[in-house]
Amino acid sequence: MKMRLCRLCLALLGTAMLLVSCQPARDPAPLTMPRNEQGLVSSSTHRKVSQEQAAINAGLLDEDSSTTRQQDVSTGLGEEVRPPGVGESGADAGSELIAKDSDIGGDSEISEITEAPEVDGLQNHKSEFAHYAYDTLRVREAIQNQVALEDGKRIAFLTFDDGIDSYSTPLVLDVLRDMGAPATFFMLGHSFNEDNRPILERMLDEGHALALHSYTHSYKTLYPEGVGDADAVLDDCLSCQEALEEALDGRYSSNVWRYPGGHMTWQNLEAADAALAEIGVHWIDWNALNEDANMNKPTTVEGQVEMVIEGWKRYHGEADTMVVLMHDGGAYQLTRDSLPAIIRKLRELDFSFGILK
Ligand SMILES: [Zn+2]
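Residues numbered from 1 in each chain as written. Predicted model: local features only at pLDDT ≥ 70, side-chain atom pairs only at ≥ 80, totals over all residues. Heavy atoms only, no water.

Asks: Tell me about the packing of helix α5 (residues 168-179) against helix α6 (residues 197-205), residues and numbers included.
Replies: Two elements in contact, α5 and α6, have axes separated by 11 Å at closest approach and are oriented at 15°. Accordingly, the angle class assigned to the pair α5 and α6 is roughly parallel. With respect to the hand of their crossing, α5 and α6 are arranged in left-handed fashion. Contacts between α5 and α6 involve Thr 169, Pro 170, Leu 173, Asp 174 and Arg 177 from the first element and Ile 199, Arg 202 and Met 203 from the second. (Axes fitted to C-alpha atoms, helices over the stretch in contact; angles between N-to-C directions. Helix = DSSP H or I, 4+ residues; strand = E, 2+ residues; numbered from the N terminus. Parallel < 35°, antiparallel > 145°, perpendicular 65-115°, else oblique. Left-handed = near helix turned anticlockwise from the far one by under 90°. Contact = heavy atoms within 4.5 Å.)

Asks: Describe the nonpolar core, with residues and values.
Replies: Note on soluble globular proteins: their nonpolar side chains tend to be buried together. Ranked by internal contacts, the top residues of the largest apolar core, which has 59 residues, are Leu 158, Leu 176 and Leu 200. Top element by residues in this core is helix α8 (residues 230-247). It accounts for eight residues. Look past the residues within four positions of Leu 200 in its chain and what remains in contact with it is Ile 164, Met 187, Phe 192, Leu 210, Leu 244, Ala 247 and Leu 248. With 17 residues, the next largest nonpolar core counts Ala 142, Phe 157, Leu 325 and Leu 356 among its residues. (Core = buried A, V, L, I, M, F, W, Y, C linked by side-chain atoms within 4.5 Å. Buried < 20%, exposed > 50% of the residue type's maximum accessible area, 1.4 Å probe, protein only.)

Asks: Which residues make up the packing of aromatic side chains, and what values go with them?
Replies: For the coordinates displayed, the defined rule picks out nine aromatic pairs. Clustering of aromatic rings is evident, with ring pairs tying together Tyr 219, Tyr 223, Trp 257, Tyr 259 and Trp 266. Sitting over the ring of Trp 283, Arg 140 keeps its end group 4.2 Å from the ring centre. It is Arg 258 that lies over the ring of Phe 186; its NZ or CZ is 4.3 Å from the centre. (Phe/Tyr/Trp six-rings, centres within 6.5 Å; stacked < 30°, edge-to-face > 60°. Lys NZ or Arg CZ within 6 Å of the ring centre and 35° of its normal.)

Asks: I'd like a rundown of the packing of helix α10 (residues 301-315) against helix α11 (residues 333-348), residues and numbers included.
Replies: Each pair of packed helices can be described by the angle between their axes along with the distance between the axes. Interaxial distance between α10 and α11 falls to 8 Å at its minimum, and their mutual angle equals 50°. Taken as axis vectors, α10 and α11 run oblique relative to one another. Crossing angle aside, the handedness with which α10 passes α11 is right-handed. Taking contact as the criterion, the partners of Val 301, Gln 304, Val 305, Val 308 and Ile 309 in α10 are, on α11, Leu 334, Thr 335, Asp 337, Ser 338, Ala 341, Ile 342, Lys 345 and Leu 346. Of the residues contributing to the contact of α10 with α11, the split by class is eight nonpolar, three polar and two charged. (Nonpolar A, V, L, I, M, F, W, Y, C, P; charged D, E, K, R; others polar.)

So this is what it looks like as structure tokens:
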């Protein structure tokens, strides 16, 4: 009851902020991700493909199977959803990540307007890492408008979807720890089981951010016939959020959301976006990816690095803000192998790393 009341308050607060603000409550246009010879597709092409493939996906998606192989229509990619299974938790809350000095300059008008309310006052990261935590709405606008979050500063957000995987997520955390780079993990609610709780604690201890990627990852539930179902999205998001809060004994939460398949993929998400915004949850896609879930995915470390960098150069104007989509499931060995090279390359290009809040 307490949580519901708080959410109501947040919703009212959010509405009040929108009324006061002269900033549009509208949703900015989806990110463009035009197709090149390596498989990126344009937004318009995307939607056409999405419609055709949504029905296929619905058939491919078997929520009862232990390992579900489905087509990720956001990228025309195969995306594997692995329920939590065997493996070591790898809870090794150890070294601190290198903190980048990237104060967000929160006194600017835009940042005040677009600041997402905290979820019941709960953060998705530890406060000691707040200096590199950026508001999701600001980052979304920055990648859509191809602008910097701070003048003259390049900031990259490494993001991993579809965890927690009890075997491979700790391996990704090992790489991030060794490289001193923070990331944001977009996780599935059904993975927040007892065994995986130490992994959540480790993420927090090592300077990462927690984010929501639905409870079920079920395209056919969230987007029947490829069209967003606002009630289903809200229910699923709340289930995921509450599972996260429960797993962390109510100490942390998250209002950062990535639609399974990506916002750019589906039709008529305006109502779902609004429903999420009313409870203080905001979505974000990406403007770079290593295509690790693509059927024509790179097969070498160099290929993954090139995929991230070339897509950003060609289609996003070498934007100073980069959100990189990757996956941390067990099937993504090459992503773990490529991660150090991707991080090194981004540092060569003067990027520091942030997390999404
Ligand atoms: Zn996903």
